[in-house]
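Below, each chain spelled out in residue letters.
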Protein chains: 2
Amino acid sequence: MKFRRSRQRESILELLRSTKTHPTASWIYDKLKIEFPRLSLGTVYRNLNILTQQGLINKIDCGSTFDRYEARNHPHYHFICEQCGSIFDLNTPVMKNLNNRVSELENITIKRHMIEFFGLCEKCKK
Amino acid sequence: MKFRRSRQRESILELLRSTKTHPTASWIYDKLKIEFPRLSLGTVYRNLNILTQQGLINKIDCGSTFDRYEARNHPHYHFICEQCGSIFDLNTPVMKNLNNRVSELENITIKRHMIEFFGLCEKCKK
DNA sequence: GTTCATGCAAATCGTTTGCACAATG
DNA sequence: CATTGTGCAAACGATTTGCATGAAC
């Protein structure tokens, strides 16, 4: 796939680079509506996908478009297969002191954390 | 809010407790359709929300129903405010050896990981 | 018998897509 | 001029909700 330049896409990238927040598509749409009065949300989504493909921006996701549930038993981390999307519980011990360590470093109060590890599961590795 | 018991809700909890997978609502729906032929997806969703409220199950999420984007610069972790949903980049150094450590422990190949810390941000703390 | 839960269908919301036209190289 | 990007509107898929009926306490 070959990409051409477009003023819309360049403005989206510029806008994302200029902010420390983690915008949603509609936030971007609202901002750029001033520069491009005829802009459509579809264009924003299309360009966000292209920029992600190009590795110029990151989409913050958990590896699934579905809500997923689990019966709470004990704290644990997750391993998510990048190919098939399966989620596995890990036995790796939870870092209990991590919240406190980071709280001190950042000067905020952290109550909990989640870690997702990504890679290929047994089946997809073959 | 007061909750009554319902056979549907109890079966959903039982099902979630009996599996090591991380089911979606429709997977649960399919399984329970045998026991409750008139079951509706709405009921599954309602009960999943109630069970989550009661703390009996976990919903695996990243703190946002919107896709969020950021311009990639350097690896970092995220802090997410449990109240307002804001996402902040942390300066805490990334644990480069974590992938390898966990890979050895679990005997799988981990390529990357994400950490989200949760708590209350400056504004919401007040 | 009052309140909560259910089934059903319609509505909602974020995101994607088909199409005709405009912009890029 | 061949191809990619745009705006617009319709479609999509996961989740939620309104309503009349049924179950729980």
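Structure: see above.
So, how was this worked out
Residues numbered from 1 in each chain as written. Chains lettered and ligands numbered in written order. Predicted model: local features only at pLDDT ≥ 70, side-chain atom pairs only at ≥ 80, totals over all residues. Heavy atoms only, no water. Helix = DSSP H or I, 4+ residues; strand = E, 2+ residues; numbered from the N terminus. Rg over C-alpha atoms; globule rule 2.2 N^0.38 Å. Buried < 20%, exposed > 50% of the residue type's maximum accessible area, 1.4 Å probe, protein only. Contact = heavy atoms within 4.5 Å. Areas by Shrake-Rupley, 256 points an atom, 1.4 Å probe, with all protein chains shown as cover. Polar contact = N/O pair within 3.5 Å; in protein donor to acceptor, adjacent residues only side chain to side chain. Buried area = accessible area lost by both parts, 1.4 Å probe. Salt bridge = Lys/Arg side-chain N within 4 Å of Asp/Glu carboxyl O. Nonpolar A, V, L, I, M, F, W, Y, C, P; charged D, E, K, R; others polar. Pairing = 2+ DSSP bridges. Near = heavy atom within 4 Å. Least-squares fit on C-alpha atoms with pLDDT ≥ 70 in both. Expected span 1.5 Å × (residues − 1). Arc of directions from axis to C-beta.

(A) Fine view of the overall build of chain A. Scanning chain A from N- to C-terminus turns up five helices and five strands. Counting from the amino terminus, chain A carries its helices and strands in the arrangement α-α-α-β-β-β-β-α-β-α. In terms of C-alpha radius of gyration, chain A reaches 19 Å, well past the compact-globule figure of 14 Å for 126 residues. With the C-alpha coordinates aligned to their principal axes, the bounding extent of chain A is approximately 50 × 45 × 25 Å. A total of 126 residues make up chain A; the buried ones form 44% of that total. Across chain A, the fraction of contacts at a sequence separation of at least 24, relative to all contacts at a separation of at least 6, is 47%. As displayed, chain A has an accessible area near 8000 Å², and 50% of this comes from carbon and sulfur atoms.

(B) Quick look at the side chain of Asn47(B). Residues and elements named next belong to chain B. Within the fold, Asn47 resides in helix α3 (residues 41-53). Asn47 gets classed as buried once you look at its relative accessible area, which sits at 5%. A distance of 2.8 Å separates the side chain of Asn47 from the side chain of Arg9, its partner in a polar contact. Discounting residues that sit within four places of it in the chain, Asn47 has contacts with Gln8, Arg9 and Ile12.

(C) Structural detail: the interface of chain A and chain B. Taken together, the contacts link 57 residues of chain A with 58 residues of chain B. Interface area, chain A with chain B, both sides summed: about 5500 Å², of which 57% is carbon and sulfur. For chain A, the biggest contributors to the area lost against chain B are His22(A), Ile60(A) and Tyr69(A); these three give 16% of the whole. Linking Asp67(A) and Lys59(B) is a salt bridge whose minimum nitrogen-to-oxygen distance equals 3.3 Å. Taken together, chain A and chain B are joined by 33 residue pairs in polar contact (both at pLDDT 80 or more). Among the residues forming the side of chain A that touches chain B, the class breakdown is 26 nonpolar, 15 polar and 16 charged. Relative to strand β1 (residues 57-60) of chain B, strand β2 (residues 68-71) of chain A is paired through four bridges, and the arrangement is antiparallel. Note on β1(B): the bridge partner recorded for Ala71(A) is Ile57(B).

(D) View of the pattern of salt bridges. All names here are of chain B. Under the criterion given, the structure shown has eight salt bridges over all chains. A salt bridge links Arg5 to Glu10, with the shortest nitrogen-to-oxygen separation between them at 2.7 Å. For Arg5, a relative accessible area of 72% translates into the label exposed. Here Glu10 falls in the partly exposed class, since its relative accessible area comes to 34%.

(E) Layout of the protein's contact with DNA strand D. In the vicinity of DNA strand D, 20 residues are found, and the nearest of them are Arg4(A), Ser6(A), Asp67(A), Arg4(B) and Tyr45(B). The backbone of Asp67(A) places a nitrogen or oxygen atom 2.7 Å from a phosphate oxygen of DNA strand D. Those elements that provide at least two residues to the surface near DNA strand D are α1 (7-18) and α3 (41-53) of chain A together with α3 of chain B. Looking at the surface near DNA strand D element by element, the count peaks at four residues for α3(B). Residue composition of the surface near DNA strand D, grouped by class: four nonpolar, seven polar and nine charged.

(F) Region of the structure containing the environment of Arg68(A). When you line up the elements, Arg68(A) lands in strand β2. Since its relative accessible area comes to 17%, Arg68(A) is described here as buried. Discounting residues that sit within four places of it in the chain, Arg68(A) has contacts with Gly85(A), Ile87(A), His22(B), Pro23(B), Thr24(B), Asn58(B), Lys59(B) and Ile60(B). From its side chain, Arg68(A) meets the backbone oxygen of His22(B) in a polar contact 2.8 Å long.

(G) Region of the structure containing the relation of the copies chain A and chain B. Mapping chain A onto chain B calls for a screw motion: a turn of 179° about the axis and a shift of 0.0 Å along it, with 0.3 Å RMSD after fitting. What we have between these two chains is a two-fold relation. Of every C-alpha in chain A, the one belonging to Ile115(A) sits nearest the axis of rotation, 2.3 Å from it. Looking at chain A, 100% of its interface residues are interface residues in chain B too, so the copies touch through the same face.

(H) Fine view of α3(A). A rise of 1.5 Å per residue sets the reference length of α3(A), with its 13 residues, at 18 Å; its end C-alpha atoms lie 18 Å apart and thus fit the reference within 8%. Those residues of α3(A) that fall on the buried side of the exposure criterion are Val44(A), Asn47(A), Leu48(A), Ile50(A) and Leu51(A). Around the axis of α3(A), the buried residues are gathered within 165° of arc, so they sit on the same side. Residues of α3(A) that are exposed and point more than 90 degrees away from the buried face comprise Arg46(A) and Gln53(A). Its buried side turned inward, α3(A) meets α1, α2 (25-32) and β1 (57-60) of chain A together with β2 (68-71) of chain B. With its phi angle positive at about 80°, Gly55(A) sits one or two positions after the end of α3(A).

Coordinates in, geometry out; function isn't part of it.
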